[in-house]
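Summary of the model geometry
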Amino acid sequence: MNYLIIGGVAGGATVAARLRRLDEEAGIILFERGGYISYANCGLPYYIGGVIAERSRLFLQTAESFSSRFRIDVRLRHEVTAIHPERKQVEVNNLLTGDSYTESYDKLALAPGALPIRPNLPGIAGKGIFSFRDVADTDAVRKYIEERKTRHATIAGGGFIGLEMAENLHKLGISVTIVERANQVMAPLDYSMASILHRHLREKQVELILEDGLEQFEETEQGITVCLRSGRRFDTGMVLLCIGVRPESRLAEEAGLRIGSLGGIAVNPYMQTSDPSVYALGDAVEVTHLVSGKPALIPLAGPANKQARIAADNMALGNTETYEGTAGNAIVSVFGLTVATVGANAGLLRREAIPYLSSYTHSASHAGYYPGSETLSVKILFAPGSGQLLGGQLIGSKGADKRVEMLAQVIRQKGSVRDLVRLEQAYAPPYSSVKDPVNVAGCVAENILTGKMCIIHWYELEAWKDKALLLDVRTPGEYHAGTLPGAINIPLDALRAHLTELPADKPLIVFCAVGQRGYLACRILTQSGFTDVRNLSGGYRTWSFNA
């Protein structure tokens with residue numbers, strides 16, 4: 001059996017290694033147009049910032065070590081220029097010599113990855129303007145910074161890579177401006193959670209320009225002038241384009257393979273393309289989103305690695321293994337904060353017309369009496385009625401990583417917020433609380449579903465300002481330090497003694513710092529005859545980040 005693999009890194013190299021473990025006698029050739037077969041793509045920003053000090057640590061395998069261990073014919077600097085499924089052949093260009101040749105296959109795996117988006121703007125080909133995707137880009141950026149002694153950088157795009165680069169450039173003493181066309185960074189987050197990140201970035205002296213886009217670049221003696229659509233102009237030492245990526249599906253399309261509605265290669269659950277002898281995986285393919293059930297582009301290394309193992313098994317053993325899809329579990333570190341998301345956000349749910357409810361909680365990362373506890377902010381989205389968990393977003397300096405994985409498993413099993421209440425996790429004061437933040441989020445959601453608590457969100461307050469009484473149940477000290485406009489203060493512990501002072505014929509909107517005391521106040525009020533009582537979800541903390 002002869003196998004050909006197009007592309008290395010997380011996808012192609014994994015396919016090759018798995019195929020060899022399954023078939024010691026097969027002929028396996030891996031084509032990689034770049035100079036490296038397997039490297040830590042996700043580690044590149046940290047090499048720029050010096051967190052990863054040695055360049056060699058980025059390389060998981062060299063072509064020589066990979067070839068020696070797995071007896072695979074690795075051909076670096078070889079670009080496959082065409083696929084002929086009807087002949088089961090590929091055309092290859094040796095980039096080192098310029099020679100072209102053909103190779104035949106029984107089974108072919110496509111792992112070409114994705115290409116960075118580079119808009120066609122005036123001046124974008126000038127010096128100091130970089131895409132950031134691979135080792136060559138990384139080397140070019142490092143060399144430029146060292147030679148030019150860059151003091152200011154502009155990052156176009158506020159996604160995962162853009163934020164990682166902002167932090168790592170900051171570590172080098174470089175001032176950073178982020179330009180983002182949307183009204184928020186981190187598109188997988190809802191605005192209400194992204195606003196926490198906005199404040200944090202500004203506290204770290206990162207300039208954040210939102211709802212504005214690139215118009216053109218002008219080269220100057222000092223560096224580059226960035227011109228924005230709004231008319232604003234400013235000077236910078238370099239520009240990093242972190243706008244996003246698009247699937248590299250050209251080869252597949254030219255070969256007549258089916259391309260999906262989002263521009264990625266269409267595959268079935270076996271990772272098989274429209275041609276039975278050709279499989280595809282990784283950033284170039286469309287997969288099923290586990291919440292929407294629709295095709296999605298999810299360019300993450302974890303899913304690519306899992307798809308590679310499944311594709312290799314099916315290529316070697318027949319179609320026995322399936323890839324069910326992904327919930328898009330993703331995480332990033334931003335100046336000491338961990339930002340994690342999984343499943344669907346509110347925007348996706350609205351686009352797909354999927355009904356949902358949501359709630360905010362702000363819990364301690366571990367037992368509050370144990371030193372070092374930090375706030376962990378959690379937003380979950382869930383289905384009315386069934387309570388099925390649809391998505392989760394977490395931001396905090398500790399513990400977001402393990403909690404997002406707990407949410408991910410519930411989503412994968414199509415579980416509900418009631419499952420979050422029942423989840424068991426290892427408890428000791430340095431690691432969690434008796435009621436973990438995930439349990440807390442589940443309890444709050446369950447209270448909403450069962451009608452024990454009616455909530456209102458921060459963005460709904462404006463419509464109620466002339467209709468409802470705002471009741472702050474925090475302490476007088478907290479109230480005087482800052483409260484919602486027009487709110488009165490009756491501390492929770494004194495509430496029962498002041499019930500007769502509250503209007504029985506007017507809606508009451510109750511709030512505290514994060515929602516817990518507000519819930520207790522709501523229970524007192526509703527059981528005392530007040531019929532229209534709402535608790536501000538996430539409390540004053542969530543409102544203050546978005547006010």
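Further up the page is the structure itself.
I will try to describe carefully the structure that is included in this document. (Residues numbered from 1 in each chain as written. Predicted model: local features only at pLDDT ≥ 70, side-chain atom pairs only at ≥ 80, totals over all residues. Heavy atoms only, no water.)

**Let's talk about the environment of S100**
Stated formally: In this description a helix means any DSSP run of H or I spanning at least four residues, a strand means any run of E spanning at least two, and both kinds are numbered starting from the N terminus. The criterion used for residue contact is that any of the two residues' heavy atoms lie within 4.5 Å.
Note on placement: S100 falls in strand β8 (residues 100-104). For the pair S100 and T81, spaced 19 residues apart in sequence, the C-alpha to C-alpha distance is 9.3 Å. Sequence-distant contacts of S100, defined by excluding residues within four places in its chain, comprise V92 and N93.

**Details of helix α8 (residues 301-317)**
So the rule is basically this: For a helix, the expected span equals 1.5 Å multiplied by the number of residues minus one. Buried, partly exposed and exposed residues are distinguished by accessible area as a fraction of the type maximum, computed with a 1.4 Å probe on protein chains only: under 20%, between the cut-offs, and over 50%, respectively.
With 17 residues, α8 ought to run about 24 Å at 1.5 Å a step, and its terminal C-alpha atoms sit 24 Å apart, in line with that. Listing the buried residues of α8 in full gives P303, A304, Q307, A308, I310, A311, A312, D313, N314 and M315. Residues of α8 that are buried in the fold lie against β1 (2-6), α1 (9-22), β9 (107-110), β21 (278-280) and β22 (285-288). Directly beyond the C-terminal end of α8, a positive phi value near 95 degrees is found at G318.

**Considerations on the side chain of T273**
Rules: Identification of polar contacts relies on pairs of N or O atoms within 3.5 Å, with a donor-acceptor requirement for protein atoms, meaning one able to donate a hydrogen and the other able to accept it, and with residues adjacent in sequence counted only if both atoms are side-chain atoms.
Topologically, T273 is positioned in the loop between β20 (265-266) and β21. By relative accessible area, T273 is classed as buried at 7%. One polar contact links the side chain of T273 to the main-chain carbonyl oxygen of V278, over a distance of 2.8 Å. Here T273 is in contact with L257, I265, A266, V267, V278, Y279 and A280, once residues within four sequence places are set aside.

**A short note on the nonpolar core**
To keep things clear, this is the line we draw: Among buried residues, those of type Ala, Val, Leu, Ile, Met, Phe, Trp, Tyr and Cys that are joined through side-chain atoms within 4.5 Å constitute a nonpolar core.
Residues I155, L169, L197, L201, L240 and L484 are the most contacted members of the largest nonpolar core, which totals 55 residues. For this core, the leading source of residues is helix α6 (residues 191-203), giving five residues. A13, I83, A252 and M271 belong to the second-largest nonpolar core, a separate cluster that totals 51 residues.

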